[in-house]
Amino acid sequence: MNNVAVIGAQWGDEGKGKIVDLLTESADVIVRFQGGNNAGHTLVVNNEKFIFHLIPSGMLHKDKICLIGPGVVIDPKVLLEEIDNLAKHGYFVEKNLKISGTAHVIMPYHREIDILLEQKRGAKKIGTTGRGIGPAYEYKVGRRGIRVWDLIYPGQFKQKLNDVLDDVNDYVKAVFGHRGFDANRIYSEYSVYADKIRKFVLEGPLYLNGEISKKKKILFEGAQGTMLDVDHGTYPFVTSSNTTAGGVCTGSGVSPTKITEIIGVSKAYTTRVGEGPFPTELFGEMGDRIRSMGAEYGATTGRPRRCGWLDLVALKYSAMVNGLTGIAITKADVLNGVSRLKLATSYTVEDEKIDYVPSNIAEFERCKPVYEEMEGWDTLDPATGPGSLSPAVKSYIGFIESYTGVKVYILSVGAERDKTIVFKDPFKA
Ligand code: GDP
Ligand code: IMO
Ligand code: MG
């Protein structure tokens, strides 16, 4: 049995897409288990760039099955656009895509409520991606959601839609002075999507567990990151799903006993998009340098990412809540030529020194980083392999390993597949 989960170990955009694409080589089935098209996972292959929002990042490999699992929220319009784009580039194999019937559907009112709520929050906004993710999960947990199963059966869909719209319209009219949503219009639009999606839909957990019992290798692709987890992140500045290792199981219907490795992806520094605390954020020249060298602009919304030094306190927290068995460090090349590097190893809150992430947001907001400095490196050459890494790079990796207690399995030094040094392959562990 060999089933690997790839989890964002920071605030998202760690380079999960690249790592998943790389590990797909050894896997049979690649599964998204949470989030929706708030995610933007970038793959650079043969000088072509692909941004995946809903389809697992294994789709560029022609013989791999890609499953959108039960824990995902699906905007069908975005999914179909993604399919069209892949097909146009010769990368879509119809029989390889599977969608769990129990995944929830993002409806037009979810998108609109997301935006209206953000406007209402004003200065206290979360900085969501505006894709309807939060409301879609709210409706799911509130047992008023529409699942893919409902969508693909016309009678069932019409009934569910009429029922939920009664509620939705009462709410949006009263709270936002909105004119309300028209059931017929949504029904017509979504029926077209349903017709195109129907052929991909199946019993997700049944399929996946069947593959596992046939000794197939499963690769679980996380979206967002640990610090954006709805329970374990910087609440309320989080997304609305469990981005951490527990979410792999609830979002796929696969038992924790079936997961053999959990790989946390972390940049060699830190970024965050949207609002919320970020102790190691850099506001001056160094922050700008990282943003421009790392092309740190959101893959989904194009927003500039906030940039800062590597926060080892947060990374160790991530190792704890996910039970990480390995770490993938990405974008080490972005730090090329920076002579002194800083890593946060504790925080001070007022006069007290702490070495953990406080879960009370008010306390976390007051945390100031305490840094250790290390020597930087000039260049990184993946072609020459691990043996030729400079002492400075080795020290940086060693420091991360000794602080977190987790081995670095992979070092990524460029966006392309071959710009990677693999110390240990989690599928061969
Ligand atoms: P994800 O959401 O975690 O998949 O990450 P994103 O795709 O949103 O952001 C990561 C960005 O960094 C993308 O533009 C990748 O192409 C790029 N990237 C990934 N790994 C590396 C790396 O090692 N070096 C550089 N320079 N870019 C990388
Ligand atoms: P990937 O998978 C980085 C952030 C948003 C906002 C918060 C809530 O590419 O790493 P939401 O729309 O989910 O309700 O927004 O979460 N966010 C992400 N940040 N990477 C992502 O995905 C993100 N998905 C959501 O910026 O702060
Ligand atoms: Mg991203």
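Just so you know, these numbers come straight off a predicted model, no measurement behind them.

Moving on, we come to the coordination of the magnesium ion (ligand 3). Within the first shell, the magnesium ion (ligand 3) binds the protein through D13 (OD) and G40 (O), at distances of 2.1 to 2.2 Å. In this pair, D13 is assigned in the loop between strand 1 (4-8) and helix 1 (16-24) and G40 in the loop between strand 2 (29-32) and strand 3 (41-45), connecting sequence segments 27 residues apart. G40 sits in the buried class, given a relative accessible area of 10%.

This next bit is on helix 10 (residues 285-293). Residues G287, I290 and R291 constitute the buried set of helix 10. Down the axis of helix 10, the smallest arc covering the buried residues is 100°, so these residues share one side. Residues of helix 10 that are exposed and angled more than 90 degrees away from the buried face: E285, S292 and M293. Elements that come into contact with the buried residues of helix 10 comprise strand 13 (306-308).

Further remarks concern the sheet that holds strand 2. Taking strand neighbours across the sheet as the criterion, the 10 strands line up as 9-7-5-2-10-1-11-15-19-20 in an open arrangement whose pairing is mixed. In the strand order of this sheet, the two ends are held by strand 9 (201-202) and strand 20 (420-422), each with one partner. With 3 bridges joining them, strand 15 (residues 326-330) and strand 19 (residues 408-412) adopt parallel strand pairing. Paired with I329 across the two strands is L411, which belongs to strand 19.

What the rule picks out here adds up to 11 aromatic pairs. Ring centres of Y109 and F181 lie 6.0 Å apart, and the angle between their planes is 70°; this geometry places the pair in the edge-to-face category. Taken together, the residues span a long stretch of sequence, with Y109 in helix 3 (residues 108-121) and F181 in the loop between helix 6 (154-176) and helix 7 (183-197) at a distance of 72 residues. This pair shows no difference in class: Y109 is buried, exactly as F181 is. Ring pairs connect the aromatic residues F157, Y187, Y190 and Y193, which therefore count as one cluster. The ring of Y207 carries K98 above its face, with NZ or CZ at 5.6 Å from the centroid. Looking at R144, its charged tip hangs above the ring of Y139, at a distance of 4.0 Å from the centre.

Turning to the site of ligand 1, a few remarks are in order. The environment of ligand 1 is formed by 19 residues, the closest being G15, K16, T42, D333 and S412. Between ligand 1 and the protein, one listed contact pairs an oxygen atom with a backbone N or O atom of G17 at 2.9 Å. For ligand 1, the accessible surface in isolation is 580 Å², of which the surrounding protein chains cover 91%. Breaking the shell around ligand 1 down by element, the ones donating at least two residues are helix 1 and strand 3. Counting only domains with at least three residues in the shell around ligand 1, you end up with domain 1 (4-101 + 200-261) and domain 3 (266-422).

This part is about the site of ligand 2. In the vicinity of ligand 2, 20 residues are found, and the nearest of them are D13, K16, H41, T129 and T239. Within the backbone of D13, a nitrogen or oxygen atom sits 2.7 Å from an oxygen atom of ligand 2. In this structure, V273 approaches ligand 2 through a main-chain N or O atom, which is 3.2 Å from an oxygen atom. Notes on ligand 2: free accessible area 550 Å², of which the protein chains cover 98%. Of the residues that constitute the shell around ligand 2, the class distribution is 7 nonpolar, 10 polar and 3 charged.

When the parts come together, some accessible area is lost, and that loss is often what is quoted as the size of the interface. Partitioning the protein chain into domains gives domain 1 (4-101 + 200-261), domain 2 (105-197) and domain 3 (266-422). Domain 1 and domain 3 are separated by 23 Å when their C-alpha centres are compared. Counting residues at the interface gives 34 residues for domain 1 and 39 residues for domain 3. Taking both partners together, domain 1 and domain 3 bury about 2800 Å²; carbon and sulfur atoms supply 59% of that area. The interface formed by domain 1 and domain 3 contains 2 salt bridges. Among the ionic pairs, D13 bridges to R305, the shortest N-O distance being 3.1 Å. Our count for the contact surface shared by domain 1 and domain 3 stands at 25 residue pairs in polar contact (both at pLDDT 80 or more). Secondary-structure elements contributing two or more residues to the side of domain 1 that touches domain 3 are helix 1 and strand 3. Broken down by element, the side of domain 1 that touches domain 3 gets its largest block of residues, 5 residues, from helix 1.

The next subject is the nonpolar core. Judged by nonpolar contacts, the single largest core of 67 residues is most densely connected at F220, W377, Y396, I400 and L411. Mapped onto the domain boundaries, this core takes at least three residues apiece from domain 1 (4-101 + 200-261) and domain 3 (266-422). Aside from chain neighbours lying at most four places away, what touches W377 is A332, L335, N336, G337, V338, L341, S390, A392, V393 and Y396. Counting residues in each nonpolar core, the second largest holds 65 residues, with L43, L86, V105 and F176 among its members.

Here we take up the environment of C367. Examined against the element boundaries, C367 turns out to sit in the loop between helix 12 (361-365) and strand 18 (368-375). Owing to a relative accessible area of 5%, C367 belongs among the buried residues under this scheme. Sequence-wise, C367 and E350 are 17 residues apart; in three dimensions their C-alpha atoms are separated by 7.9 Å. If we ignore the near neighbours within four places in the chain, the residues touching C367 are P279, Y347, T348, V349, I354 and P358.

Rules used in this analysis
- Residues numbered from 1 in each chain as written.
- Chains lettered and ligands numbered in written order.
- Predicted model: local features only at pLDDT ≥ 70, side-chain atom pairs only at ≥ 80, totals over all residues.
- Heavy atoms only, no water.
- Donors = N, O, S within 2.8 Å, 3.2 Å for Na, K, Ca; no water.
- Helix = DSSP H or I, 4+ residues; strand = E, 2+ residues; numbered from the N terminus.
- Buried < 20%, exposed > 50% of the residue type's maximum accessible area, 1.4 Å probe, protein only.
- Arc of directions from axis to C-beta.
- Contact = heavy atoms within 4.5 Å.
- Pairing = 2+ DSSP bridges.
- Phe/Tyr/Trp six-rings, centres within 6.5 Å; stacked < 30°, edge-to-face > 60°.
- Lys NZ or Arg CZ within 6 Å of the ring centre and 35° of its normal.
- Near = heavy atom within 4 Å.
- Polar contact = N/O pair within 3.5 Å; in protein donor to acceptor, adjacent residues only side chain to side chain.
- Areas by Shrake-Rupley, 256 points an atom, 1.4 Å probe, with all protein chains shown as cover.
- Domains from an automatic or database assignment.
- Nonpolar A, V, L, I, M, F, W, Y, C, P; charged D, E, K, R; others polar.
- Buried area = accessible area lost by both parts, 1.4 Å probe.
- Salt bridge = Lys/Arg side-chain N within 4 Å of Asp/Glu carboxyl O.
- Core = buried A, V, L, I, M, F, W, Y, C linked by side-chain atoms within 4.5 Å.

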